[in-house]
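Structural overview
If you want the building blocks of each chain, they are given just below.
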Amino acid sequence: MPSEENLPGRNLGAYLTGYPVEVAFGEDDAATVFDRYHTPDFVLYNDGIPLDREKLLAHVRPARRRAASVHTELHETLVSGDRVAARYILTAVMVKGSVIATEIYMFGQLARDGRLQRVDQLTRLVPAPAVAAGSTVPPPQ
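Residues numbered from 1 in each chain as written. Predicted model: local features only at pLDDT ≥ 70, side-chain atom pairs only at ≥ 80, totals over all residues. Heavy atoms only, no water.

- An unreviewed UniProt entry annotates the chain as SnoaL-like protein of Micromonospora pisi.

Written as structure tokens, this is what we have:
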């Protein structure tokens, strides 16, 4: 259940683990979930490519049909004033059985209300954990 305590500026780890699940599998519309955690002028620079709200929603909406599960394995998080940083692996198990694991290095700027206003991130694919077809990603050990 989303709450003010799960905002990136209040609990970055809760945001990074909860937001992907909520936006992909939650009952609320993807735009409603997105707006809960991001400002209207939010821009994500993913590997140098700018993605605004509309481009991100266009990416997320099909994921609701293609992903069977997602899991975030946190390695490091940091919140300092209006800045955040994290290193984590996001793993998605797709409905057709493929597993995609992406290591993400994220640096962000927060709005005064604790929502994200800008994110710069670098990503790379990493070897995916072995996952049986139809199952979810196992939690980290």
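1. Some remarks on the pairing of strand β2 (residues 49-52)
- The pairing of strand β1 (residues 38-46) with β2 spans 4 bridges and is classified as antiparallel. Its bridge partner being in β2, Y45 is matched across the sheet by P50.
- Following β1, the chain reverses through 2 residues before pairing antiparallel with β2; D47 in that reversal takes a positive phi of roughly 50°. (Pairing = 2+ DSSP bridges. Helix = DSSP H or I, 4+ residues; strand = E, 2+ residues; numbered from the N terminus.)

2. With respect to helix α3 (residues 53-66)
- Taking 1.5 Å per residue as the helical rise, α3 with its 14 residues ought to reach 20 Å, and the 20 Å between its terminal C-alpha atoms agrees with that figure.
- Where α3 is buried, its residues meet α1 (12-25), α2 (30-37), β1 and β2. (Expected span 1.5 Å × (residues − 1). Contact = heavy atoms within 4.5 Å.)

3. Considering the layout of surface pockets
- A volume near 1,000 Å³ is recorded for the largest pocket.
- What lines the largest pocket is a set of 33 residues, and nearest its centre among them are H59, V60, L90, I104 and Q121.
- Only α1, β1, α3, β3 (67-80), β4 (83-94), β5 (99-110) and β6 (116-126) provide two or more residues apiece to the lining of the largest pocket.
- When its residues are assigned to classes, the lining of the largest pocket shows 24 nonpolar, 7 polar and 2 charged. (1 Å grid on protein atoms, 1.4 Å probe; cavity = no way out; pocket = protein on both sides within 12 Å on 5 of 7 lines; lining within 4 Å. Points joined across faces, edges and corners; volume = space filled by probe spheres on them. Nonpolar A, V, L, I, M, F, W, Y, C, P; charged D, E, K, R; others polar.)

4. Here's the deal with unusual backbone geometry
- Even without a glycine there, the phi angle at D47 is positive, about 50°.
- When you line up the elements, D47 lands in the loop between β1 and β2.

5. So, a nonpolar patch on the surface
- A cluster of nonpolar side chains, namely Y105, F107 and L122, defines an oily patch on the protein surface of about 310 Å² accessible area.
- Turning to its location among the elements, L122 is positioned in strand β6. (Patch = residues over 30% accessible without salt bridge, like charges linked within 9 Å, V, L, I, M, F, W, Y side chains within 5 Å. Areas by Shrake-Rupley, 256 points an atom, 1.4 Å probe, with all protein chains shown as cover. Salt bridge = Lys/Arg side-chain N within 4 Å of Asp/Glu carboxyl O.)

6. Brief notes about the sheet that holds β3
- Here 6 strands make up an open sheet; going across it, the order is β2-β1-β6-β5-β4-β3 and the pairing mixed. The open sheet has two free edges, formed respectively by β2 and β3, since each of these has just one partner strand. Adjacent strand axes in the sheet meet at a mean angle of 25° when their direction is disregarded.
- In this fold α1 packs onto β1, β3, β4, β5 and β6, with an angle of close to 155° to the strand it touches most, β3. (Axes fitted to C-alpha atoms, helices over the stretch in contact; angles between N-to-C directions.)

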